[in-house]
Amino acid sequence: MQNNQDSLTTLYLATDEQMQLHLTSYRMQDFKEEEFGFLVRANCYYEIKENYAKYVPLQLIVGLSKNGLGMSLAIDLNNMPHTFPTQTKKIVEHIQKSPAFLQSISSNLNALITARDPATTIQAAQAKQFFLSQAPQGITAFSTNRQTKALFWLYSGDKLISNISPFTIDEAGGHIAFTVKAGFSHEFMMQCYEVECMMHLFNEEDSLGYYFELYLDQDDFHHEQLYNTIPEMFMENEDFLNRILLQMKKCNNEQYDEYLQDLIEKFTASI
């Protein structure tokens, strides 16, 4: 069943930086006797509030007739948020037209064609012939573009940042590394970027100083947008700030303990 939520939310199909789609799939063993069944999983994000989105897998159940005469497709709505039907329809249609979908199903059928059972081999070959006959012609994939609608901060599980390092301190101040995932929305798609970051904190007379290192190529249009936007998003997010503070309090460095305690005091006051 689909999750019951009071309001509709927007679903986005996740792609990589080049707007290429990545799918995973496997054969469903317990399926209809007259069909080969495959579960195809796509990565998606749904909006939880303005400029924030959370991961959810979209699962499609694909059935291919063993006599090569048809195909069925259904969406597994288990654990899915209550999303706009038109948006979901666009996502499913795009998946069906994508080279990734064609390759994924074909690979599974190829494994059946090479099976030892002659009947399975014949049936899989018939199913593949029909499947390929339904494949769209022409260009079906997107490349990078500048027609973005919004920049989203993408949750990794229930966390905004991942791969967080221990907080360290030296004569230059405090340092902590982490990874953040961000995405640009394009109608029904989310162009995702994984950004490695380093935050530096230091005493600036009576106030707290800070700056971020983001390992991005500023000659890239979207990388420049990330560079100009992400630091502000960090400093406006209380969850992020509290997680950094927690790492600061775990730091144990006797040589710079006084400096560290001063940073913690100023950082706490700034939240």
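As shown above, the structure is provided for reference.
Analysis parameters
Residues numbered from 1 in each chain as written. Predicted model: local features only at pLDDT ≥ 70, side-chain atom pairs only at ≥ 80, totals over all residues. Heavy atoms only, no water. Salt bridge = Lys/Arg side-chain N within 4 Å of Asp/Glu carboxyl O. Buried < 20%, exposed > 50% of the residue type's maximum accessible area, 1.4 Å probe, protein only. 1 Å grid on protein atoms, 1.4 Å probe; cavity = no way out; pocket = protein on both sides within 12 Å on 5 of 7 lines; lining within 4 Å. Points joined across faces, edges and corners; volume = space filled by probe spheres on them. Helix = DSSP H or I, 4+ residues; strand = E, 2+ residues; numbered from the N terminus. Polar contact = N/O pair within 3.5 Å; in protein donor to acceptor, adjacent residues only side chain to side chain. Disulfide = S-S within 2.5 Å. Pairing = 2+ DSSP bridges. Axes fitted to C-alpha atoms, helices over the stretch in contact; angles between N-to-C directions. Parallel < 35°, antiparallel > 145°, perpendicular 65-115°, else oblique. Left-handed = near helix turned anticlockwise from the far one by under 90°. Contact = heavy atoms within 4.5 Å. Nonpolar A, V, L, I, M, F, W, Y, C, P; charged D, E, K, R; others polar. Expected span 1.5 Å × (residues − 1). Core = buried A, V, L, I, M, F, W, Y, C linked by side-chain atoms within 4.5 Å.

Trainee: If you had to explain the pattern of salt bridges to someone new, which residues and values would you point to?
Mentor: In the structure shown here, the tally under the stated rule is five salt bridges. Linking Glu35 and Lys32 is a salt bridge whose minimum nitrogen-to-oxygen distance equals 3.9 Å. Residue classification places Lys32 among the partly exposed residues on the basis of a relative accessible area of 44%. Residues Lys159 and Asp158 are paired through a salt bridge, measuring 3.3 Å at the closest nitrogen-oxygen approach. Classification of Asp158 as exposed rests on a relative accessible area of 55%.

Trainee: I'd like to hear about empty space enclosed by the protein, residue by residue, with values.
Mentor: Sizing a probe to match a water molecule and rolling it over the atoms shows the empty space that remains. If you walk through the whole model with that rule in mind, you get one cavity of 30 Å³ or more. A volume near 40 Å³ is recorded for the largest cavity. Every residue along the wall of the largest cavity is listed here: Leu151, Phe152, Trp153, Val180, Ala182, Ile230 and Met233. Breaking the lining of the largest cavity down by element, the ones donating at least two residues are strand E6 (150-154), strand E9 (173-186) and helix H4 (221-235).

Trainee: Please set out the side chain of Gln191 residue by residue, giving values where relevant.
Mentor: Looking at the secondary structure, you find Gln191 in strand E10 (residues 189-204). Within the structure, the side chain of Gln191 is placed 2.5 Å from the backbone oxygen of Glu17, a separation counted as a polar contact. A polar contact is formed between the side chain of Gln191 and the side chain of Tyr193, at a distance of 3.1 Å.

Trainee: Describe in detail the state of the cysteines, supporting the description with residues and values.
Mentor: Tallying each qualifying case throughout the model produces zero disulfides. Cysteine Cys44 shares no disulfide, and the gap to the nearest cysteine sulfur, in Cys192, comes to 9.8 Å. Cysteine Cys251 shares no disulfide, and the gap to the nearest cysteine sulfur, in Cys197, comes to 20 Å. The buried category is assigned to Cys251, whose relative accessible area is 15%.

Trainee: Describe the pairing of strand E5 (residues 71-76), listing the residues and the values that go with them.
Mentor: Alignment of strand E4 (residues 52-65) against E5, held across six bridges, turns out to be antiparallel. What sits directly across from Gln59, in E5, is Asp76. In textbook terms, the turn of a hairpin is the stretch between consecutive antiparallel strands, and for E4 and E5 this stretch comprises five residues, one of which, Gly68, has a positive phi near 75°.

Trainee: Mind laying out the packing of helix H5 (residues 238-250) against helix H6 (residues 257-270), listing which residues take part and the relevant values?
Mentor: Here H5 crosses H6 at 160°, and the two axes come no closer than 10 Å. In terms of their interaxial angle, H5 and H6 are classed as roughly antiparallel. The two elements H5 and H6 meet at a crossing, and its hand is left-handed. Counting all contacts with H5, which are made through Leu241, Ile244, Leu245, Met248 and Lys249, the residues of H6 involved are Leu260, Leu263, Ile264, Phe267 and Thr268. In terms of residue class, the contact of H5 with H6 is built from eight nonpolar, one polar and one charged.

Trainee: Let's hear about helix H2 (residues 99-113): which residues, and what values?
Mentor: With 15 residues, H2 extends 20 Å from end C-alpha to end C-alpha; this agrees with the ideal 21 Å at 1.5 Å per step. The elements touched by buried residues of H2 are strand E2 (23-28), strand E3 (35-49), E4, helix H1 (85-97) and helix H3 (118-133).

Trainee: Hey, could you go over the nonpolar core for me, with residue numbers and the actual values?
Mentor: If you look at the biggest cluster of nonpolar residues, it comprises 37 residues, and the most contacted ones within it are Phe178, Phe234 and Phe240. Looking at this core, the elements that each hand over two or more residues are E6, E9, E10, strand E11 (207-214), H4, H5 and H6. Not counting the four nearest positions on each side in its chain, Phe240 is found in contact with Trp153, Leu160, Ile161, Phe178, Met199, Phe212 and Phe234. Counting residues in hydrophobic clusters, the runner-up holds 31 residues, among them Leu11, Met19, Leu21 and Ala42.

Trainee: Any details on unusual backbone geometry? Residues and values, ideally.
Mentor: Notably, Met19 is not glycine yet its phi reads approximately 60°, a positive angle. Within the secondary structure, Met19 sits in the loop between strand E1 (11-15) and E2. Even without being glycine, Asn163 reaches a positive phi, approximately 50°. The residue Asn163 is located in the loop between strand E7 (161-162) and strand E8 (168-170) in this model. The exposed category is assigned to Asn163, whose relative accessible area is 59%.

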